[in-house]
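# Architecture at a glance
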Amino acid sequence: MALYKEGLAFGYIQGTKYHRDKPLKDHLGPIPAVQSCKTYPDAERLKLPQPDLNHPANLWQCMTRRRSERDTTTEPLSLNELSTLLWSAQGVTARAGIHLLRTAPSAGALYPFETYLYVDHVEDIPQGLYHFDVASFALERLKDGSFNRDMTKACLGQPVVRRAAVVFIWTAMMLRCMVKYRDRAVRYIPMDLGHVCQNVQLAATAMDLGSCPIGAFFDDDINRLLEIDGEDETALYLITVGRM
Ligand SMILES: Cc1cc2nc3c(=O)[nH]c(=O)nc-3n(C[C@H](O)[C@H](O)[C@H](O)COP(=O)(O)O)c2cc1C
């Protein structure tokens, strides 16, 4: 057999297929239920302004104009722009039982990820690391100061990260999805985040901001910065946003 077929990429797809004639069975044992949204109760909270949903934008034009932009300037974003980007990523738009439905779809309405921000230059928000509290549409302040060098180094020195006004960091909350979908969760979590990231890119385009998805980073470096374990919760996807 070709060696590449024995690798992780093939194993991942083959090992998570549903088969009509085979019952769903695995050896994962019990998977503990985890909270549906993470919060940092001891952190200082910054309430975000309402997103600007009256901003004129034509969906078809935004799709046509959307590009990954790496040459953003160091001009700051406004707090309203940041709020609108966060709402596009994870704004709550309806409730269904216990589920807070959002601007992007998610398998089983589980939303198995968390949104963190590294704010470098956004008006009215001190530089630092933040966690986004979905339910109350607020930022939780985790660490103050400039982490520009750490972020850029963690992202393989990419200049787009150094220039960004803000970097969104999405972590996978593995158990939140595995509790229902077991190993197949490994397909759904990146799919879910793809939708979220596209929403942010389209919103950035609508506001004439530049954004660039980032998949190339040293996982442990980002996890260490966020003080997460890299197993039950691990960084998966980032996007930079800045003014053009
Ligand atoms: C999963 C994923 C990971 C990516 N990672 C990076 C990255 O680390 N650095 C970068 O400059 N662009 C990255 N990109 C952007 C792609 O290079 C870009 O989408 C592609 O070249 C197509 O260009 P467009 O987005 O302007 O249409 C990534 C895109 C995706 C979807």
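Look a little higher up for the structure.
### Quick word on the packing of aromatic side chains
Applying the stated criterion to the full structure yields seven aromatic pairs. The interplanar angle of 90° and the centroid separation of 6.3 Å between the aromatic rings of Tyr118 and Phe147 together place this pair among those described as edge-to-face. Remark: Phe147 occurs in the loop between β6 (138-144) and α4 (148-154) and Tyr118 occurs in strand β4 (residues 113-119); sequence separation between them is 29 residues. The same class applies to Tyr118 as to Phe147, namely buried. Three or more aromatic residues joined by ring pairs form one cluster here, namely Phe168, Trp170 and Tyr237. The ring of Tyr111 has Arg102 lying over it, and the distance from NZ or CZ to the ring centre is 3.8 Å. A cation over a ring is seen here: Arg184 above Tyr18, with NZ or CZ 3.8 Å from the ring centre.

### Remarks on the pattern of salt bridges
A complete count under the given rule lists 13 salt bridges for this structure. The closest approach of N and O atoms between Arg182 and Asp26, which form a salt bridge, is 2.8 Å. You can see Arg182 sitting in the loop between α6 (174-181) and α7 (185-206) and its partner Asp26 sitting in the loop between α1 (8-15) and β1 (44-47), a full 156 residues away along the chain. For Arg182, a relative accessible area of 25% gives the class partly exposed. The exposure class assigned to Asp26 is partly exposed, which follows from its relative accessible area of 30%. For Arg243, the salt bridge identified is with Glu75, shortest N-O distance 3.8 Å. One end of the pair, Arg243, is in strand β9 (residues 233-243); the other, Glu75, is in the loop between α2 (59-65) and α3 (79-90), and 168 residues separate them in sequence. Residue Arg243 is classed as buried on the basis of its relative accessible area, which comes to 19%. Shared partners join several salt bridges into a network, and the residues in it are Glu44, Arg141 and Asp144.

### Some points on a nonpolar patch on the surface
Together, Tyr12, Ile13 and Val186 give the surface a local cluster of nonpolar side chains, amounting to about 210 Å² of exposed area. Mapped onto the elements, Tyr12 comes out in helix α1. Classification of Tyr12 by relative accessible area gives partly exposed; the value is 32%.

### Let's talk about the environment of Ile31
Structurally, Ile31 is set in the loop between α1 and β1. Overall, Ile31 belongs to the buried group, its relative accessible area being 15%. Sequence separation of Ile31 and Ile169 is 138 residues, and the distance between their C-alpha atoms is 25 Å. Sequence-distant contacts of Ile31, that is, excluding residues within four places in its chain, are made with Leu175, Met178, Val179 and Arg182.

Cut-off values and rules
Residues numbered from 1 in each chain as written. Predicted model: local features only at pLDDT ≥ 70, side-chain atom pairs only at ≥ 80, totals over all residues. Heavy atoms only, no water. Phe/Tyr/Trp six-rings, centres within 6.5 Å; stacked < 30°, edge-to-face > 60°. Helix = DSSP H or I, 4+ residues; strand = E, 2+ residues; numbered from the N terminus. Buried < 20%, exposed > 50% of the residue type's maximum accessible area, 1.4 Å probe, protein only. Lys NZ or Arg CZ within 6 Å of the ring centre and 35° of its normal. Salt bridge = Lys/Arg side-chain N within 4 Å of Asp/Glu carboxyl O. Patch = residues over 30% accessible without salt bridge, like charges linked within 9 Å, V, L, I, M, F, W, Y side chains within 5 Å. Areas by Shrake-Rupley, 256 points an atom, 1.4 Å probe, with all protein chains shown as cover. Contact = heavy atoms within 4.5 Å.

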